[in-house]
Structures are given as structure tokens and as C-alpha cells.
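Survey of secondary and tertiary structure
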Amino acid sequence: MAGSSGYGLLKLLQKLSDEEFQRFKELLREEPEKFKLKPISWTKIENSSKESLVTLLNTHYPGQAWNMMLSLFLQVNREDLSIMAQKKKRHKQTKYKKFMKTTFERIWTLETNTHIPDRNYHLIVEVQYKALQEIFDSESEPVTAIVAGTTGEGKTTFLRKAMLDWASGVLLQNRFQYVFFFSVFSLNNTTELSLAELISSTLPESSETVDDILSDPKRILFILDGFDYLKFDLELRTNLCNDWRKRLPTQIVLSSLLQKIMLPGCSLLLELGQISVPKIRHLLKYPRVITMQGFSERSVEFYCMSFFDNQRGIEVAENLRNNEVLHLCSNPYLCWMFCSCLKWQFDREEEGYFKAKTDAAFFTNFMVSAFKSTYAHSPSKQNRARLKTLCTLAVEGMWKELFVFDSEDLRRNGISESDKAVWLKMQFLQTHGNHTVFYHPTLQSYFAAMFYFLKQDKDICVPVIGSIPQLLGNMYARGQTQWLQLGTFLFGLINEQVAALLQPCFGFIQPIYVRQEIICYFKCLGQQECNEKLERSQTLFSCLRDSQEERFVRQVVDLLEEITVDISSSDVLSVTAYALQKSSKL
């Protein structure tokens, strides 16, 4: 233990004379009370060597041993040792910060889809950025803050920029010595870990030890991203633990951290979407909220002009004012997709054209445009086979609740290294450290829905991939973001006009099979012997509106004998009214 303790604490102790060391031990009898800790018995202290004393302190006071020793160095009039240790500490903190700067510069450049100059991004999020500074700079005590908003509104992008700015020395410098960034959904396949292991995984070589880092929790911020896609239930009130060294089930470690049982002195900055807010917020102590509100019309125009050169950007922005996709472009991720799609069209020397009323039409335009730019002369049969491998990866990940893929996942689904390189270029996939993820989690949901339209009876059955009835059951029973998005795309792709967009690249794709499967599912729900019940009817109504197929909507709604709808917002009222007005029974 002593050998791994940061900045050579043992070496510092060894610089004490025998008389100073004896005085050091005597003072140690009273020192823990200053930190509100239980003292070690004098017998253990008295008989300790310098090496065993370091081990003793780290064992009894994990995370506090360092501050205690610095205080005692001053009390035995060895200020030189305290200064020496603090210099080493600052050097190692600087090393971590430089490492994080390099890491997040790469993430910002390669994995973050703003594609506009940083100064322009800061103007777009100016309100939220100021709120972040005010929340943490105005408090010296631990703070928990939430970055909230709907899917695609830029929460993760905002947090990545905050991490990069801290590492670059321009944000929260006087507040935090260490900031750790974790995408929690990457832990979905990790059943057990300790917080110490999680922190260690981010540290460069020759860093401070975790003991040393956690010795001053008030100077630590954890940025946690991706709760909407986390499969674990964190609503725990029992079995929580304060020992950050102990290996525990992943959900216990995360829940203990969120509820300030583990490291109560640290601060938290959390990304929470519509699904995770009601599940997580009530676990938090006095959380402050920063809301990502999407783009205003002015911000959309500004983004377009920043994405393209000035003249082309002005033309795109002017055309967008009279385009029905303007309201969809208030979502930053969709706005990026819109601009990317037009750019590919301009690169092909086509007239920029984009029409979409629903998310499914929007994503289909984007996907088809990317294929046209890459596989313009490939037969539709080949394009369809290529697309199917990506869709199989996506849907397998959905059913496994997997959003971070390794090379074996890609190989198993027929994606070679050369295929992967193409998907990266087309911005369907992106690198995530040594792994691969879809460019955005919503894109994975889209390709997973597309799988059911490409599936054929002769295909080899993959046991983990559920049927459409199973998908719908998951969607209405569990209410997780990924299933709701998948359902929205499944219904949206039923639309004949959306299917027609696919034909030039992929041949004729007939949505009738999926439509029939959905209708059969709701027929089953209406039968008395069926134990399954429709939960979250507003989710169904939202999906039906995205289909934009009146006859299909009428068929489904007429199969519902009895429903209960919680009209909790104007959006719920709108989709409910849309669906019920199509019924022939009302």
C-alpha cells in the first residue's frame, strides 16, 4: 500500500528525524478528530515504522491520509516537506489535465458533430454556458447540476465542451483540481466494479494514485453522460455503500455516487434526458438544472451559415425559412443532419432539396443521400446487403442494450474493417476510444427499425433479436428512450412516401409485412386471453402520428377497446386528438 501511495509519501516520511517522527506519531493521536474521523489506537501508531504508518493511514483513512499528513508536516515544523509534496501534487495534476486536453480535443474533433467554429458554438450555447459557470463558481460546497433536454438537443456536446474547456484552463479552474467524464451507457456490460477502478481507467501513467486524488473530494467533479441508455435500475435505497475501493454491482456504485453516499463531498454534473429525469432526479440532493432548449430560428440560420461558406449558408438559411423541416431543425442533431444532407447533394452538383414531415422521413433522406454519395453506381441489391449488416448490428445492440461495440461485434454482423471505414466516412458510425458507436444513439434506433423492413424469411435466425410483437411489448412496457425511438421509426417507415425514398438506392421495400405484424399485435391485445396490456397509450399515438397513414391509424385505433391517457402536456393532447379523430368508432 505504501509503495503505491502518491507522490512518494513514504519518501517524505523518511526525511523526518527519529525525534520528528515520534512527535509526528504523537500528534497523529488527535489529528483525526479535526477531520471528524475515528482515531487509530495508540498501540498501533506507537509500534508503527514509517512504512507501516503509511499503510495504516491509507487503510483507516482512504482519501484523507494525504491531507492529514500535510497538516502534520507543518505541525512538526517541516514546512519544506509540505511544500515539496504539494509541488509534486501540482505537477501530477497538470499532467492529468494535459492528458484530458489531448483526449477531448480528439473527441471534439472526431466524435462531436457540431462542424462549426468553436466561437460560433459558444454563441449558440451562451446562456447555458453562463449558467454552468454561475452554478459552480458561486458555490464552495458540493453541487449537483443537471443538463436536461430532449434527445439530440446537444447535451452531450455541451458537456464535452465543458470538459475540454476545463482541461484547456478556461473553465472552473479555481473550483476543481480533477474533472472525470464517464459515458455511463458504456458500463452496460460491466456487472461489477469499484469507483477506484473506474477512475483509474482514465488516468495516464505516473498520475497521482486514486487515494491521493480523492483526498480532497470538494475539488473533484464527475461529469456523467448517457443515463437514458443505461440498462441498470438506479432507484435503490438499500445496499448503498460509501467505500469507493470496494467492488460492487455497477448499479450500486453509480447509485451510491448519485445519492452522495459515496464521496459526499464531490460535485456532479449529469446529462439527463426525458426518460432518465423522472428516474434519477428524485435521488439527487438539491439539484440545479441547466436546460438545453434547442435552436431558435435565428440559431438555425446562424448554424447553417457557419456550416457552409457564407454565401451558400445564406442561401440555405433563406430557403429553410419556407421549408416544413424548419421546426425539426430546432433539434441541433437534426439540423446537422439537414446540413450534411444538403452538402452531399451540392458535392454531387445536385440542387439542394430536402423534404420531411417526420423523423423517419428526415433520417431516411439523410441515409439515402449518404449512400448516393458513396455508392452511386452500385446495384440496389448490393446496397441493400450492405445496409442490412449495419441494421443487424444496430438491432442486435438494441436487444442486448449495447451501444458500444468492439471488433468482434462488427465481424459477427458481417462488417469488415473496410466496411467500417466506409461507415465512418458516411458518418453512420464513429470511433469511441478503441471501440465503435453509432454517430448518435438515435441513429442506432433508426437502423434497428430498418432491420425489420429488410428482414426475409430465409434469413438465419438470431435468437437475441426479438420479433415485432416483442419489440412493441418492450416499447410500451419499459418506456426506455431507445425503444420509444425505435418504435417511432418503425411506424414512420411504414409510410409509402418514406418507402419510396429508399427505392432508388435499395430497390422496392414493401412495408406491408411490418404493418400487418403491428395490426396483429393490437388484435391480440384486444382478446380476453391476452395477459399483456397497453401501457403508455400516448406513446402509441405519437408513433401513429409519425406514420402519416390515415387508413393504418384507423385500423389500429379501432382495435383498442379501452384506453387510459395521462394528458400531461399539450404534446400528449395533440397526438391523442390526432389518433382518436381517425377512429371510425367515435
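Our subject in this report is the structure included herewith.

Calculation criteria
- Residues numbered from 1 in each chain as written.
- Predicted model: local features only at pLDDT ≥ 70, side-chain atom pairs only at ≥ 80, totals over all residues.
- Heavy atoms only, no water.
- Buried < 20%, exposed > 50% of the residue type's maximum accessible area, 1.4 Å probe, protein only.
- Helix = DSSP H or I, 4+ residues; strand = E, 2+ residues; numbered from the N terminus.
- Arc of directions from axis to C-beta.
- Polar contact = N/O pair within 3.5 Å; in protein donor to acceptor, adjacent residues only side chain to side chain.
- Axes fitted to C-alpha atoms, helices over the stretch in contact; angles between N-to-C directions.
- Parallel < 35°, antiparallel > 145°, perpendicular 65-115°, else oblique.
- Left-handed = near helix turned anticlockwise from the far one by under 90°.
- Contact = heavy atoms within 4.5 Å.
- Nonpolar A, V, L, I, M, F, W, Y, C, P; charged D, E, K, R; others polar.
- Pairing = 2+ DSSP bridges.

**Topic: helix H25 (residues 496-506)**
Since there are 3.6 residues in each turn of an α-helix, residues three or four apart along the chain are aligned in direction. For H25, every residue scored as buried is listed here: Val498, Ala499, Leu502, Cys505 and Phe506. The arc that holds the buried residues of H25, viewed along the axis, is 105 degrees, so those residues lie on one side. For H25, the exposed residues set more than 90 degrees away from the buried face come down to Gln497 and Pro504. The N-terminus of H25 is capped by Asn495, whose side-chain oxygen sits 2.8 Å from the backbone nitrogen of Gln497. One or two steps after H25, the chain reaches Gly507, where phi turns positive at roughly 80 degrees.

**Observations concerning the packing of helix H15 (residues 297-307) against helix H17 (residues 332-347)**
Two elements in contact, H15 and H17, have axes separated by 11 Å at closest approach and are oriented at 40 degrees. In terms of their interaxial angle, H15 and H17 are classed as oblique. Judged by the sense of rotation from one axis to the other, the crossing of H15 with H17 is right-handed. For the pair H15 and H17, the contacting residues are Val300, Tyr303, Cys304 and Phe307 in the first and Cys335, Trp336, Phe338, Cys339, Ser340 and Lys343 in the second.

**Digging into the packing of H15 against helix H16 (residues 310-320)**
It is the contact of H15 with H16, at a shortest axis distance of 7 Å, that shows an interaxial angle of 150 degrees. Between H15 and H16 lies a crossing of right-handed hand. Where H15 abuts H16, its residues Val300, Glu301, Cys304 and Met305 lie against Asn310, Gly313, Ile314, Val316, Ala317 and Leu320. Grouping the constituent residues of the contact of H15 with H16 by class yields 7 nonpolar, 2 polar and 1 charged.

**Points about the environment of Ser186**
Residue placement: Ser186 occurs in the loop between strand E2 (178-183) and strand E3 (192-193). On the basis of relative accessibility, which here comes to 35%, the residue Ser186 falls in the partly exposed class. Separated by 44 residues in sequence, Ser186 and Leu230 have C-alpha atoms that sit 8.1 Å apart. Separated by 2.6 Å, the side chain of Ser186 and the backbone oxygen of Ser183 make a polar contact.

**Describing the pairing of strand E4 (residues 220-225)**
The buried fraction of E4 amounts to 6 of the 6 residues, a majority that puts the element mostly inside the structure. Burial along E4 is two-sided: Ile220, Phe222 and Leu224 and Leu221, Ile223 and Asp225, pointing in opposite directions, are all buried. The pairing of E4 with strand E6 (residues 267-272) spans 4 bridges and is classified as parallel. Residue pairing in the sheet places Leu224 in a bridge with Leu270 of E6.

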